[in-house]
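The lines below spell out each chain.
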4 protein chains.
Amino acid sequence: MIRFESDYLEGAHPAILKKMAETNLEQTPGYGLDPYCESARESIRRLCRNDGADVQFLVGGTQANLTVAASILRPHQGVVAADTGHVNCHESGAIEATGHKVLTAKNENGKLTARQVRRIYDEHWGDANREHMVQPGMVYVSHPTEFGTLYTKAELRDLSGVCRECGLPLYLDGARLGYGFMAEENDLTLADLAKLCDVFSIGGTKVGALFGEAVVIPGEGLRQDFRYILKQRGGMLAKGRLLGIQFDVLFRDGLYFKISEHADRLAVKLKKAFLAKGFPLLCDSGTNQQFPILPDGALAVLAKKYSFSFWKKADASHSAVRFCTSWATRESDVDELIRDLAAL
Amino acid sequence: MIRFESDYLEGAHPAILKKMAETNLEQTPGYGLDPYCESARESIRRLCRNDGADVQFLVGGTQANLTVAASILRPHQGVVAADTGHVNCHESGAIEATGHKVLTAKNENGKLTARQVRRIYDEHWGDANREHMVQPGMVYVSHPTEFGTLYTKAELRDLSGVCRECGLPLYLDGARLGYGFMAEENDLTLADLAKLCDVFSIGGTKVGALFGEAVVIPGEGLRQDFRYILKQRGGMLAKGRLLGIQFDVLFRDGLYFKISEHADRLAVKLKKAFLAKGFPLLCDSGTNQQFPILPDGALAVLAKKYSFSFWKKADASHSAVRFCTSWATRESDVDELIRDLAAL
Amino acid sequence: MIRFESDYLEGAHPAILKKMAETNLEQTPGYGLDPYCESARESIRRLCRNDGADVQFLVGGTQANLTVAASILRPHQGVVAADTGHVNCHESGAIEATGHKVLTAKNENGKLTARQVRRIYDEHWGDANREHMVQPGMVYVSHPTEFGTLYTKAELRDLSGVCRECGLPLYLDGARLGYGFMAEENDLTLADLAKLCDVFSIGGTKVGALFGEAVVIPGEGLRQDFRYILKQRGGMLAKGRLLGIQFDVLFRDGLYFKISEHADRLAVKLKKAFLAKGFPLLCDSGTNQQFPILPDGALAVLAKKYSFSFWKKADASHSAVRFCTSWATRESDVDELIRDLAAL
Amino acid sequence: MIRFESDYLEGAHPAILKKMAETNLEQTPGYGLDPYCESARESIRRLCRNDGADVQFLVGGTQANLTVAASILRPHQGVVAADTGHVNCHESGAIEATGHKVLTAKNENGKLTARQVRRIYDEHWGDANREHMVQPGMVYVSHPTEFGTLYTKAELRDLSGVCRECGLPLYLDGARLGYGFMAEENDLTLADLAKLCDVFSIGGTKVGALFGEAVVIPGEGLRQDFRYILKQRGGMLAKGRLLGIQFDVLFRDGLYFKISEHADRLAVKLKKAFLAKGFPLLCDSGTNQQFPILPDGALAVLAKKYSFSFWKKADASHSAVRFCTSWATRESDVDELIRDLAAL
């Protein structure tokens, strides 16, 4: 079975395992207070062009999201997100379990817009009964989105502008960030995120690491006691240096970007093959998640050899599915799939 | 600097890194639903002599504790623990963050007794105003305890018996479980735990793994929907097979027990050296954590070369400290420390 | 200013104040364990035709809703409700503050349907990734709804049937229950609710009492330790007998129903006047909340003399507003409003 | 049965019922935004000598405590309190249910001392591992305490001073505040509380009202969005004016102080009778709660005619009990009890 159902099917980029093996018996303090975390932190700061940014390492995406929300919001506040946002759909209510509501707006191509945030904010503050409603307290976006789509620099700038006018911290969930950066149409950099966002995460788990997300807090305002909340929520890894090592390797010599470029190239190659066969796309993604709509019969044939994720029924005889490429995807596997697609 | 300040200073047992490297590019589904987790689960079941036990893998100890508590307790219920219990002291209020109180009893040599549990239970249920008080909902013990001490089989049997009479699920936090099993005075086995406890964890992080805890749920009653809560609290690792691989290696050919025996042997060697030098012990531990009380002057000398954890002031000129050995401790380092102790 | 903006503008029905004055210096135990609460409990049981129903008295509607949710749901579970449900809109995230998500369906005339509940349930249990999603754990409906509309007996029976098939406790928020019972088109009784619902509340605050809601739990399953959670959430009134006295008076000689009938009659009178003037209704309510759509100019005129609640903009020059009648509404005030409407 | 078991046995001071009857059919907006609440707020501000103090009205003591804690604390922070503090003992874990731990110190005559707060603060901030521990976030004291004892002005000043040095908001739970003010040894005023505390409550429920507590927030810092959290936790009364009316009456013409003086006078009379009979006191209280220690046989005799609360066993044949007086206590009942005590 050749698997395309997710981007966390394999272990880690070999350079990471190599570094882990090399450093294995070194003794370092725990909880992220070690030289590897510091080195990774420095690399990330450099790329962000922000010497003072705080960078904390967590074990996973859901953990990162719930910890950031818990650290930012007061009890009566909620997270503004697109209805398709990961925090609203696929984290088993992790945000709500910290006591907060997720306030949603209908996604536009997977994205949340500046106008939507402004509207939600104005509606709340313009309502005489607002004390009876959850107050918007922060904004959550994912980039790439759950649909593989990307915010343009202009869109993120607008979003950031509105968030700052409204006093709403903007948090960007970058679980697949590398795949976003290396997409053809991307015009955002880490430095942009550090300027435009109040907090953002750099995904490791889906982009070459065994596990881990780096949460970057560029400004002073949101840092206080973040590590307490990290520990309280169970996300502070005892052998924290493992995260430092992984991010250190990923951000050395641009490995993070190289492996992301590989995944995106193969994804686009696959996308073109779907389109060439006349299969429409649920949404037009230039990143590692592709969402073609295929006849159910064709899917049954492909399923004998390939795995992919069922996304949703398109109509009685067609389904939208998701094929993921990743840093680990073998071009030969993609080529084989393309051949089998053509043969359908 | 030779470090003895914790038992999570190094990476993992080389066999684990080797297995990770071997399997690195294999594709498996995520979230613990892969063959390695299943294999590790089987090994653990076998050792527990319980074919039907559920075994879930989590990323860390605090995560395990808070997830177990959240899954067992109803809102008005609390966790009964010794005042020195990890959940009461060193998890930044992780249990309280799930909404529950920790009800404590004064530790007896680091342990909670059956008599204490019975008393707390009877006091609650005998109080006419009990609706105004947190209801005991489960019992938490750690084995070894935070002081390295161990429950005897008789003690655990008594505790288990009282817990069952009182209808209080008994959860045993085994963050250092291996070190407990291989101590000279130990008379407990995994099979005993599976019989006497309602839930227990097998620590990976401190006992040879990079990270990870296996939560074992022997009986049917407490399993339902555990995985939802695991995900909700951020503890469900995307690349779950990493946990399966690690526990699979640890429980193959008794590696877990071998490396624990190594650590305990060195710990006892060190203990004898402290005693030989006339340094008393804060508590008498036969496991990998040792708590000698030394003159502050001696500690200042040792601190130039060794790291250890400050535990508490004993008096104006003496402090209790903690020295940890682990699966990774080099006997030569212990011998060097012993020589330097003798030279004090 | 003649006020119609809510149904909690006045104090209480004089019979209640009279009884309070009569019993004022009697000494009774607190927390609802007094003869008045027992008497009110008995009256309610009788009307419910359920001798064994548990009846607990709380101080308010939001309190009742959050306490019921907290007592029923496990952490990973959420409340299924119409998007217009009070718990989703006007309780400042009270449910989320207890850790749970509200899973919504688009309201149909203010109501949640059996089909929608079935769909939400089936979608969840049919999803291979359901562990990553909030599990439906109970169903919330309000009757009358936030739009003053009513469930028919058939609709409630269908809803109840689906809830039981799905194992989802059905909770009916009856903050305005009396106004529902006395509406022309109503075909539900308290006995029906006791048969079809797993928990329901009988509103006091909006229906003649100073404050208070009675939460009725007909069956055994959901009662355990409810009072602990009541206390924990701050809803257990010290002078509990005040709630017993109020509900005792309300359910003596059918006062609850008489005063509700009064309010509904006046509401319908008002509704007819709106329709006679050619003003459409946002929704067709036969209960004490009426939602006419008027030209903004007309509203400005009315606003000089009357208060009402702005509901939402209908278009550029029209707004939907809410006029409430209640047990306290004076017919002369309604007649005056009707005259002023005619004069517009 | 003549009841002395609590101070919430009766309804309210007749002046309150009278005012409620007078105003019963007046129409006012809800949620505390009415002229009566404003009037009560003004009276309280005047007595506090703080024109800008915010005053919010809640339904009960547990509600007040949990709402204040939720509004002040960040997730990783806890409440510092005496081990006998109400929030630690008799609120069914209401604080923990908001996600926060209660950090206790051994009570000194029912009180928490400035030195204890300083110690707890210093211990936390001096601990290298503090990120693994709950951070003290506020201080809770009750006045009178659960034992009827009182803070002197000097003690409260010291406590306040330390709290301010440590940046810990000081919250004083005044559930029985009036009884404290009118005690012989009292040297505190409302104006003192407004100067020394960051938040404090004025109890209504136990001091003449049907129900209700006024939460006073003298300074700007802690007010923001308090009302949202009030609503979210279910403590915002729909017919808020009921609280305004009650506190308005209580603080008109010093009624609050008069009725408290009555209760304290009778309590002291009773205390003297216990002492005259040779019965020791569990603690020396000058307020409305008295804690004599009597032989169990004597208690059995008294119990035939009087109710009182069992407090704790003193030894095999003696128990400490609690007798409460209140604004409603009849002197003749106290005299009868005194006669029966003498006759024992």
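Scroll up to find the structure this text is about.
### Quick notes on the relation of the copies chain B and chain A
Logical step 1: Overlay of chain B on chain A (RMSD 0.0 Å): rotation 180°, translation along the axis 0.0 Å. Accordingly, the operation relating the two chain copies is best matched by a two-fold axis.
Logical step 2: Mapped onto chain A, 100% of the interface residues of chain B again fall at the interface, so both copies present the same surface.

### A look at the sheet that holds strand E6 (residues 170-173) of chain D
Residue and element names in this part refer to chain D.
Logical step 1: Ordered in space as E2-E8-E7-E6-E5-E3-E4, the 7 strands form an open sheet in which the pairing is mixed. A strand with exactly one partner marks an edge of an open sheet, and here the two such strands are strand E2 (54-58) and strand E4 (102-105). Taken over all neighbouring pairs, the strand axes of this sheet differ in orientation by 25° on average, direction set aside.
Logical step 2: Of the strand pairs in this sheet, E2 and strand E8 (residues 213-217) are connected by 5 bridges, and their pairing is antiparallel. Directly across from phenylalanine 57, in E8, lies its bridge partner alanine 214.
Logical step 3: Across the face of the sheet, helix H2 (residues 35-48) comes into contact with E2, strand E7 (199-203) and E8 while running at roughly 125° to E2.
Logical step 4: Where helix H11 (residues 241-250) meets the sheet, it contacts E2, E7 and E8, and its direction lies at approximately 115° from that of E2.

### Points about helix H12 (residues 255-276) of chain A
Residue and element names in this part refer to chain A.
Logical step 1: When the terminal C-alpha atoms of H12 are compared, their 32 Å separation across 22 residues agrees well with the 32 Å that a helix rising 1.5 Å per residue should span.
Logical step 2: Here H12 has its buried residues at Leu255, Tyr256, Ile259, Ser260, Ala263, Asp264, Leu266, Ala267, Leu270, Lys271, Ala273 and Phe274.
Logical step 3: Two residues or fewer after H12 comes glycine 278, characterised by a positive phi angle close to 90°.

### A few points about the relation of the copies chain C and chain D
Logical step 1: For the pair chain C and chain D, the best superposition has an RMSD of 0.0 Å and corresponds to a rotation of 180° with a translation of 0.0 Å parallel to the axis.
Logical step 2: Comparing interface residues between copies, 100% of those in chain C also sit at the interface in chain D, which points to an isologous, same-surface contact.

### Let's talk about the interface of chain C and chain D
Logical step 1: Taken together, the contact pairs 48 residues of chain C with 48 residues of chain D.
Logical step 2: Both faces combined, the contact of chain C with chain D buries some 3900 Å², and carbon together with sulfur accounts for 55% of it.
Logical step 3: Between chain C and chain D we count 0 salt bridges in total.
Logical step 4: At the junction of chain C and chain D, the tally comes to 24 residue pairs in polar contact (both at pLDDT 80 or more).
Logical step 5: For the side of chain C that touches chain D, the secondary-structure elements that each account for two or more residues are strand E1 (2-3), helix H1 (14-23), helix H3 (61-72), helix H5 (94-97), helix H10 (226-232) and helix H11 (241-250) of chain C.
Logical step 6: In terms of residue count, the dominant contributor to the side of chain C that touches chain D is H1 of chain C (4 residues).
Logical step 7: Here the side of chain C that touches chain D is built from residues that sort into 25 nonpolar, 14 polar and 9 charged.

### Regarding the pairing of E7 of chain D
All names here are of chain D.
Logical step 1: In terms of burial, E7 is a largely internal element, 5 of the 5 residues being buried.
Logical step 2: Here E7 shows no split at all, with Val199, Ser201 and Gly203 on one side and Phe200 and Ile202 on the other all buried.
Logical step 3: Note: E6 against E7, 2 bridges, orientation parallel. Looking at E7, one finds that tyrosine 171 is bridged to valine 199.
Logical step 4: Here E7 pairs with E8 via 4 bridges, running antiparallel. From the neighbouring strand, phenylalanine 200 faces E8, where its bridge partner is valine 216.

### A look at unusual backbone geometry
Logical step 1: Omega for the peptide link from histidine 143 of chain C to proline 144 of chain C comes to -5°, which places this bond in the cis form.
Logical step 2: Looking at the element boundaries, proline 144 of chain C is found in the loop between strand E5 (135-142) and helix H7 (153-166).
Logical step 3: Positive phi values are uncommon outside glycine, yet asparagine 109 of chain B reaches one of about 60°.
Logical step 4: Mapping asparagine 109 of chain B onto the fold places it in the loop between strand E4 (102-105) and helix H6 (114-125).

### Brief notes about H11 of chain C
All names here are of chain C.
Logical step 1: The buried fraction of H11 is high, at 10 of 10 residues.
Logical step 2: For H11, every residue scored as buried is listed here: Arg241, Leu242, Leu243, Gly244, Ile245, Gln246, Phe247, Asp248, Val249 and Leu250.
Logical step 3: Residues of H11 that are buried in the fold lie against H1, helix H2 (35-48), strand E2 (54-58), strand E7 (199-203), strand E8 (213-217) and helix H12 (255-276).

The rules we used
Residues numbered from 1 in each chain as written. Chains lettered and ligands numbered in written order. Predicted model: local features only at pLDDT ≥ 70, side-chain atom pairs only at ≥ 80, totals over all residues. Heavy atoms only, no water. Least-squares fit on C-alpha atoms with pLDDT ≥ 70 in both. Contact = heavy atoms within 4.5 Å. Pairing = 2+ DSSP bridges. Helix = DSSP H or I, 4+ residues; strand = E, 2+ residues; numbered from the N terminus. Axes fitted to C-alpha atoms, helices over the stretch in contact; angles between N-to-C directions. Expected span 1.5 Å × (residues − 1). Buried < 20%, exposed > 50% of the residue type's maximum accessible area, 1.4 Å probe, protein only. Buried area = accessible area lost by both parts, 1.4 Å probe. Salt bridge = Lys/Arg side-chain N within 4 Å of Asp/Glu carboxyl O. Polar contact = N/O pair within 3.5 Å; in protein donor to acceptor, adjacent residues only side chain to side chain. Nonpolar A, V, L, I, M, F, W, Y, C, P; charged D, E, K, R; others polar.

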